[in-house]
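Listed here are the chains, written in short residue letters.
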Amino acid sequence: MDSQEVGVLLEECVRAVAAAPRSAQPTEAQRLDYSSRTGSLCAELASLLQEAMEMKWPFVPERWQYKQAVSASDKTNLSDLISKHLSQLLAVLKASILAQEAGTALAAVFLADRFLYWTDESSRLLEITKLLHRRHPDTPVAPQLVIRQARVYVNSGKLQKAEYILSSLINNSGATGCWAYHSESDRALVQAVSVQVRGMILQKLGLWPEAAELIWASLVGYYALPQPDKKGIGTSLGILANILVSMNDEDFHTFRTNPDIDLQSLLGDTSHRLLSAARAAKMAVVYSQFTSLYVLTNAATQGTCLLSYSFSADCPASQRQSFLLQAREAFTIGLLTKSEGERVTSKQELHTFLKAAYSLTVAHKWLGTAEEAVARASEACQKALAHFYDYCNANTEDKDSLCAEITHLVGQVKLVLQAEPFLNSDGGSFIPDSYRIIEDTSVAFTLEGFAKVMQRFHKCQASLCVPTKPNCKGSKDETDGARLCITALATTTCTANSERSADARKESKEKPKGEKPHSSAAHPPPKCDTRTTVGSTDSLGSSWQKLSLSSRGSPRPSSSTGSNVIKREANASNQSLVTTEVDDDTTGSALRSAEEDKKRDLRGNLVNSLPPTSSSSSTSSDSEKFEAIQAGIETLGTGEEWTTEAVGARLKASAAAGAAQSFSQPTVRTSSGSLGDSFSSQSSWERMSAEPNSPTNGKSQPSSPSKVGTSSSRKSSDSDGSFFLLERLDSKSSDSAPDPTTKKHTRGSEVTPHPNVSQFVPEQRASTEASAESSFEMLREDQSEPGKVLSPEPANVPKGKNPLCYRCLKPSAAAGAPPERQYALSRQDFLALLAGVCHECLLERLHSDKTQFKVKNHRTGHSALHLKFSKATGLWTARETCIYIGEPTGMRGKQRRALWVQFLHQEERLSSYVGKDYLNPKEVQFHLKDVERQMTAQYYVTEFNKSLYDNEVTAQIFFIPSEAVLILDGNEIAGCVTVEPYMRGDFVKLTNNAGEKDESFQATEYGLAFGHFTYLFSGCQEVVVDLQGWVTANGKGLTYLTDPQIHSTKTPRGPANFAAAGLRRFLEEQHGPECNAICRRLKLPPAVRS
């Protein structure tokens, strides 16, 4: 069956269950049809259906999953059986609904669930499940379906609801509804899966140590079963490998030396983080060798680990080639799990194939493969990513053709890079014989030990989410007991209807065209708080205040705007509470993924307001490529007014026209779209232009990703115009960050990058002229003051330098001028970024007062460097990746706007991500400091959560992780955006950076205590303010925050950093002289200014 046929059948089932009258009895014809349909099933499927009705297992097992010795007949997958008989199974589902045989219907849903999840049809199947449960509340719903709902919530950005489901299952030993377990080991299995998925949520939030502990707990549970769960073990090992890649070395040391975690017994020698990750991923490949998707996923992870290690400073130069070859082998194994023309039906599988193809291209580039082959493979990957973006937003009938095109392009990569089959003597397996010699791990885990592990997490899980009243009509299920029901899973967000001060701006009554009001009369649309952050360079955060939920949960602009809000003191009992997903109570409403919301919004009321866009493979005319702008120092105002980009929305002239002050002779140039050469050639990797101030010259030449530019000097082939640069010739930047060449930083005060996944062959223009001095090697060594470091410094590292930084470890004795073209990256630059550089070195290398960047066109693909920052180590770590810049989301602030983005190394493959770009051109350092600030806040809040836990306070606060993506044009930086996971829900603002607060939320009390904690934890030098995000259970559950500001005396004062004055204002006005109840619970000493 193709996707369209499946969609039609599922819609028929939705209509059937929604239209079925509660009291009417089925007709004789409906009963006969039911008997006929169930009797026509093949023997194997009929047997599985009966066992599902008898609740024999909480998850549908694979034949090989629990067997130590696997026979030839066991080397099959349930997905093959379901795929072959899907039409019959869905016919049974429909007949069961009409005959009111709820047990059979839910059993059929249970069997089809995993296959339809991989074909991106879970939303409709879960809707059928909810409707059946509401009509037949005493019919059991399998734990697999309840956890599937949590997975779908995670993928669509509803982390609060997912957290509640999972923590309930963990705390209640898997109890859900009427489901009856046959053994305690089945309960343990449900807990293990639940804790595994929760670990994935913390991974998405960038909390690597906490995520690793949860994944370890799931491994203990899987191994402790009477017959170890191979599929569960393989999945958790693969997740653990990804977490270890992103984790910093200090956290890894803490994790592996934890007395409750015996990592060595599982992975052997665990001295190096990346090699341990590679070992875990390889074990995952072996455990899951009979399922192509799992082999692909885990082999791609293994290759990523090996590729990262080959770039690390710890990899001996003599072994780098060996690890690159091993990485190439792993990516090839993954790609060969599907043959040419074989159908791929899953969004996750398509994304992972693309990632593996791109990563294989990167490995070949560094191994010295011919540049023409690398460029052709790169072009195919870039085109495939554009198709994948369309696939994620396509209607069902368009997905099959897009999928075929993507798999064809991946096939081209395999052909060009000569991905040859390996020796495999087992026809039922997808791995080479060489992988089977891996030692079988012998671990001594028991169910009693797993119960003790779960007990350690009990206090934390109990605090995660407080549910609202049950949504299940007519059910006696309890939301806080052992009969948790699948429909009683709403969490609450509190959005106060703020009063306005006399000088508040008038509310806008204008609604964007096509905007739909809330469908629930019981829960009117919340009004968003519009408190302004004074002087904020990070205005997008406040723009999220404009989000509210439509009846289908899609983000849409709210109608209230303003510049200031008075301090409000209201009791929690007077607040208006709304559910984060109003369609839970609406019979027949479909669950919508973030992708579906995106498609509807952008194609409905937003896309018409955008300039014409083109696909990444098309070229633009001259008039499209150049955008006349006025460059200037932007004055960051104190009254930020947020607007939407919808049709008919009136934009302020200051937001639309650009900055106020123009410069003489601005030179605008666009970046080329040509793709790259390998390092073996004498190319722009070794040369740089000597004419930095010459204007763009030469004829426009349509570029193709497969062609290399041929113009000379400053001439370059024209790009698709997606980014433009503005070179300012006679003025200095207004960046609040100090110029690294003139001001000194205190190293201990900087934030740390997250090691993220990025891979794509850097595009290269043969036309660029050279200087061998264009790298981190040429940075001056006297720019940073000594600061504290987190580990002993090697003897060869100068005092005050970061011992983990590539440049600090390998300072150059050569002296010379900085590169003539600052953003042309040399081979040495790439090696430094891939290995990891400290914040000071990165700013020294990339800080500019002349060159600004801004996204111009959308729907374009680019090669890129994905930069993650870690506060704990002070390092930025890059990976080569490919990114697709989609349409604007429709939300903008005075300074920035949000764009939909898709990139190959995003932490969650099935989740949506947003990019943030400044409305007016900005220098790279603005974007880097945005990420640094948010990751600093995340570092502080992680320590704050530990204090909450230690003091029996049941609440947790998270900051959404933020990362930077440097867009590449050849080997030159052509743009920059910051990216973070997309969140759904009602956005609230708790505090600003000017001393105001909204006390109607209990979350504000926690936020003020967090500021107090931060002030003390930082040695009375910093405080995190401007707290805004998504709140559950009035702040007593989970709070997710984004776009903070930090008042700091560690860094120079800026437009939003009020330094000592900001600290004083927080302590005296926002926090006040008296501590609140949370401060007292945490036993925080008085925050007295010294």
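Everything discussed here concerns the structure shown above.
Quick notes on the rules
Residues numbered from 1 in each chain as written. Predicted model: local features only at pLDDT ≥ 70, side-chain atom pairs only at ≥ 80, totals over all residues. Heavy atoms only, no water. Buried < 20%, exposed > 50% of the residue type's maximum accessible area, 1.4 Å probe, protein only. Helix = DSSP H or I, 4+ residues; strand = E, 2+ residues; numbered from the N terminus. Pairing = 2+ DSSP bridges. Expected span 1.5 Å × (residues − 1). Contact = heavy atoms within 4.5 Å. Axes fitted to C-alpha atoms, helices over the stretch in contact; angles between N-to-C directions. Parallel < 35°, antiparallel > 145°, perpendicular 65-115°, else oblique. Left-handed = near helix turned anticlockwise from the far one by under 90°. Nonpolar A, V, L, I, M, F, W, Y, C, P; charged D, E, K, R; others polar. 1 Å grid on protein atoms, 1.4 Å probe; cavity = no way out; pocket = protein on both sides within 12 Å on 5 of 7 lines; lining within 4 Å. Points joined across faces, edges and corners; volume = space filled by probe spheres on them. Core = buried A, V, L, I, M, F, W, Y, C linked by side-chain atoms within 4.5 Å.

Peer 1: Even after reading the chapter, I still don't get the pairing of strand S12 (residues 860–870), so can you show me in this structure?
Peer 2: Every other side chain in a regular strand lies on the same face of the sheet, so the side chains alternate between the two faces. Buried residues dominate S12, accounting for 11 of its 11 residues. Here S12 runs beside strand S13 (residues 875–892); their pairing, made up of 11 bridges, is antiparallel. Its bridge partner lying in S13, Ser870 is registered against Leu875. Where S12 folds back onto S13 in an antiparallel hairpin, the turn is made up of 4 residues, including Gly874, whose phi is positive at roughly 75°. Two strands pair when backbone bridges link them, and S12 and strand S17 (residues 963–969) are joined in this way by 5 bridges, in the antiparallel orientation. Across the sheet, the residue bridging to Ala864 is Ile967, located in S17.

Peer 1: I keep staring at helix H1 (residues 3–19) and nothing clicks. Help me out?
Peer 2: One turn of the α-helix equals 3.6 residues, which is why residues spaced by three or four share an orientation. Look at H1: 24 Å from first C-alpha to last across 17 residues, which is about the 24 Å you get at 1.5 Å a residue. When H1 is considered as a whole, its buried residues turn out to be Ser3, Val6, Gly7, Leu10, Cys13, Val14, Ala16 and Val17. Considering only its buried residues, H1 is in contact with helix H5 (86–98), helix H6 (102–118), helix H7 (122–135) and helix H20 (396–416).

Peer 1: Could you clarify how one ought to interpret unusual backbone geometry in this entry?
Peer 2: Where the residue is not glycine, phi is negative for most of them; where a peptide bond is considered, it is trans in most cases. For Glu952, which is not a glycine, the phi torsion comes out positive at approximately 60°. By the element assignment, Glu952 lies in the loop between helix H29 (924–950) and strand S16 (956–959). Phi at Lys1083 takes a positive value of approximately 60°, unusual for a residue other than glycine. Its place among the elements puts Lys1083 in the segment after helix H32 (1077–1081). The exposure class assigned to Lys1083 is exposed, which follows from its relative accessible area of 63%.

Peer 1: Before we go on, may I ask you to explain the packing of helix H18 (residues 347–367) against helix H19 (residues 371–392) in this structure?
Peer 2: At a minimum axis separation of 10 Å, H18 and H19 run at an interaxial angle of 160°. Between H18 and H19, the angle falls in the class roughly antiparallel. Crossing hand, H18 versus H19: left-handed. Residues Lys347, Leu350, His351, Leu354, Ala357, Tyr358, Thr361, His364 and Lys365 of H18 form the contact with H19, whose participating residues are Val374, Ala377, Ser378, Cys381, Ala384, Leu385, Phe388, Tyr391 and Cys392. Grouping the amino acids of the contact of H18 with H19 by side-chain chemistry returns 12 nonpolar, 4 polar and 2 charged.

Peer 1: What should I look at first to understand empty space enclosed by the protein in this one?
Peer 2: Where empty space is left becomes clear once a probe the size of a water molecule has been rolled over the atoms. Summed over all chains, the structure comprises 12 cavities of 30 Å³ or more. What the largest cavity holds in volume is close to 880 Å³. Forming the walls of the largest cavity are 41 residues, and the residues nearest its centre are Arg151, Met200, Thr235, Ile239 and Gln348. Secondary-structure elements contributing two or more residues to the lining of the largest cavity are H6, helix H8 (143–155), helix H10 (184–204), helix H12 (230–246), helix H16 (292–311) and H18. Here the lining of the largest cavity gets 7 residues from one element, more than from any other, and that element is H12.

Peer 1: Just checking my understanding: could you explain the nonpolar core for this structure?
Peer 2: Within soluble globular proteins, side chains that are nonpolar tend to cluster in buried spots. Counting 207 residues, the largest nonpolar core has Leu111 and Leu237 as the members making the most contacts within it. For this core, the element with the most residues is helix H11 (residues 208–224), which contributes 12 residues. Contacts of Leu111, omitting those with residues within four sequence positions, involve Leu45, Leu48, Leu49, Ala52, Trp57, Val60, Leu78, Ile82 and Leu89. Grouped together as the second largest cluster of nonpolar side chains are 26 residues, Ile957, Phe1001, Val1024 and Leu1082 included.

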